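# Examination of the molecular architecture
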Amino acid sequence: MNNELQILFQIQEALKTSGYFDTSRVAKDILEYIQEKDLPLEPILERITLNEPWEYIKEKGEFRNINFKLNNHTLIPRIETELMVDIAKQELIKSPTPYTDIIDVGTGSGCIIISLTRELIEKSDDNKRYHATDISDEALNIAKENEKNILNQSVIKFTKTDLIGDISLTKDSFCMILANLPYIPTQQYLELDTSVKDFEPRTALDGGENGIQYYEKLLAQIQEKKIKGCAIFEIEPSTLELFKPLYPKVIKDQYGKDRFILIRFR
Ligand SMILES: C[S@@+](CC[C@H](N)C(=O)[O-])C[C@H]1O[C@@H](n2cnc3c(N)ncnc32)[C@H](O)[C@@H]1O
């Protein structure tokens, strides 16, 4: 066996013990990373064996084929969330009233709003206002850095605030609110794998006892601000029942789970 194959084998073994499925792809990625940065393998294998997600070690995660900078203050973007960008785009095309403002609540790495903005500003007629909020300064700093690296321009207004508390809109705003807020009921959160619980921020995942405490508060803010438009929420499928009184449109994720709801405000 040549040296490179031996190293790949060693990495794959470490990945297997940490419960990785796609070991050959990740092993190749790790090998490329250490070769490119001229780093020793051992410290990385140690972190992998301690269940640290590879995305945090390399400080990068992919979302809609774009690389986003990450650190342990930002959630690792999930593949399910990619669909939210398509749902938003569909709604923007179909809506008889043009949307003036798009707000990404709980932006984290900025993956949702940056991907959407990137796809929309390619159209020269785009004149929407883009906003992103988070409660975490560290997450907002990463999101701003991602905007700079990915969009090469500053079009998104980042605000540190509780949900949409400090966001001010004009009287004629027709607003699309996108939110992937912490939505895992606390008991379910406590039973998650250590690779999630020990490394990803709890403030990005734990949605309180019923899993919808942030959405309840956001809906109250929407009502208070008399916002017109729509909201697209990513939810924990088991909490769907709690949203039923709002007559939402339910959209499934790629695994057939009730993952998104769309609510209209008139
Ligand atoms: C599930 S993560 C989503 C991150 C990113 N939007 C994504 O889809 O990968 C939830 C985000 O909401 C933020 N957050 C938690 N509580 C918040 C609050 N009260 N107001 C604003 N953001 C909040 C967290 O800091 C975290 O970045």
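Note that the structure is a prediction, hence the values are computed from the model and not measured. (Residues numbered from 1 in each chain as written. Predicted model: local features only at pLDDT ≥ 70, side-chain atom pairs only at ≥ 80, totals over all residues.)

Take the overall build of the protein chain next. Across its full length, the protein chain carries eleven helices and nine strands. Taken against the 2.2 N^0.38 rule, which gives 18 Å for 266 residues, the C-alpha radius of gyration of the protein chain at 20 Å falls within 12% of a compact globule. Across its three principal axes, the protein chain shows a C-alpha extent of roughly 65 × 45 × 30 Å. The proportion of buried residues among the 266 residues of the protein chain is 33%. Considering only residue pairs separated by 6 or more positions, the protein chain has 70% of its internal contacts joining residues 24 or more positions apart. (Helix = DSSP H or I, 4+ residues; strand = E, 2+ residues; numbered from the N terminus. Rg over C-alpha atoms; globule rule 2.2 N^0.38 Å. Buried ≥ 20, exposed ≤ 12 C-beta atoms within 10 Å, placed from the backbone. Contact = placed C-beta atoms within 7 Å.)

Right, let's talk about the nonpolar core for a bit. Membership of the largest hydrophobic core comes to 48 residues, with the highest contact counts inside it found for V105 and L178. The contact partners of V105, leaving out residues within four places of it in the chain, are T133, L163, I164, I177, L178, A179, L181 and L218. Of all hydrophobic cores here, the second largest spans seven residues; its members include L15, Y20, I30 and W54. (Core = buried A, V, L, I, M, F, W, Y, C linked by C-beta atoms within 7 Å.)

For helix α2 (residues 23-37), with 15 residues, the first-to-last C-alpha span of 21 Å sits near the 21 Å given by 1.5 Å per residue. A positive backbone phi angle near 55° is found at D38, which sits one or two residues after α2. (Expected span 1.5 Å × (residues − 1).)

Here we take up the site of the ligand. In the region of the ligand, 23 residues are neighbours, and G106, G108, I135, N180 and A204 sit closest. Of all the secondary structure elements, the ones that give two or more residues to the shell around the ligand are α6 (111-120) and β4 (129-134). Taken together, the residues that form the shell around the ligand break down as twelve nonpolar, nine polar and two charged. (Near = placed C-beta within 6 Å. Nonpolar A, V, L, I, M, F, W, Y, C, P; charged D, E, K, R; others polar.)

A word on the environment of A88. When you line up the elements, A88 lands in helix α5 (residues 82-94). Classification of A88 as buried rests on a count of 25 C-beta atoms within 10 Å. Counting along the chain gives 69 residues from A88 to G19, while the straight-line C-alpha distance between them is 34 Å. The contacts of A88, once residues within four sequence positions are left out, are L116, M176, L178 and I232.

With that settled, consider the pairing of strand β5 (residues 156-160). Two elements, β4 and β5, share five bridges in a ladder whose sense is parallel. Following the sheet pairing, Y130 is matched in β5 by I156. Read from β4 through helix α7 (residues 137-151) to β5, the crossover connection turns out right-handed. (Pairing = 2+ DSSP bridges. Right-handed = clockwise from strand over helix to strand, strands pointing away.)

Our focus in this paragraph is the domain arrangement of the protein chain. By the assigned domains, the protein chain splits into domain 1 (3-69) and domain 2 (79-265). Looking at the side of domain 1 that touches domain 2, the elements with two or more residues in it are β1 (60-63) and β2 (66-69). Considering every element that reaches the side of domain 1 that touches domain 2, the biggest residue donor is β2, with three residues. Counted by class, the side of domain 1 that touches domain 2 contains five nonpolar, two polar and three charged residues. (Domains from an automatic or database assignment.)

In the contact formed by helix α1 (residues 3-17) and α2, the axes pass within 9 Å of each other and the chain directions differ by 125°. For the element pair α1 / α2, the angle class is oblique. Crossing geometry of α1 relative to α2 is assigned as right-handed. Taking contact as the criterion, the partners of I7, L8, I11, Q12, L15 and K16 in α1 are, on α2, T23, S24, V26, A27, K28, I30 and L31. Of the residues belonging to the contact of α1 with α2, the class tally is eight nonpolar, three polar and two charged. (Axes fitted to C-alpha atoms, helices over the stretch in contact; angles between N-to-C directions. Parallel < 35°, antiparallel > 145°, perpendicular 65-115°, else oblique. Left-handed = near helix turned anticlockwise from the far one by under 90°.)

A few words on the environment of F174. With respect to the secondary-structure elements, F174 resides in the loop between β5 and β6 (175-179). F174 sits in the partly exposed class, given 17 other C-beta atoms within 10 Å. In sequence terms F174 and Y99 are 75 residues apart; their C-alpha atoms lie 4.9 Å from each other. Filtering out sequence-adjacent residues up to four positions away, F174 remains in contact with T97, P98, Y99, T100, K228 and G229.

Glancing now at the sheet that holds strand β8 (residues 249-252). Strand order across the open sheet formed by seven strands is β5-β4-β3-β6-β7-β9-β8, with mixed pairing between neighbours. With partners counted over all chains shown, the strands left at the sheet margins are β5 and β8, one partner each. Each adjacent strand pair in this sheet contributes to an overall mean axis angle of 20°, direction not counted. The sheet contact formed by strand β3 (residues 101-105) and β4 spans five bridges and is parallel. Paired with I102 across the strands is Y130, a residue of β4.

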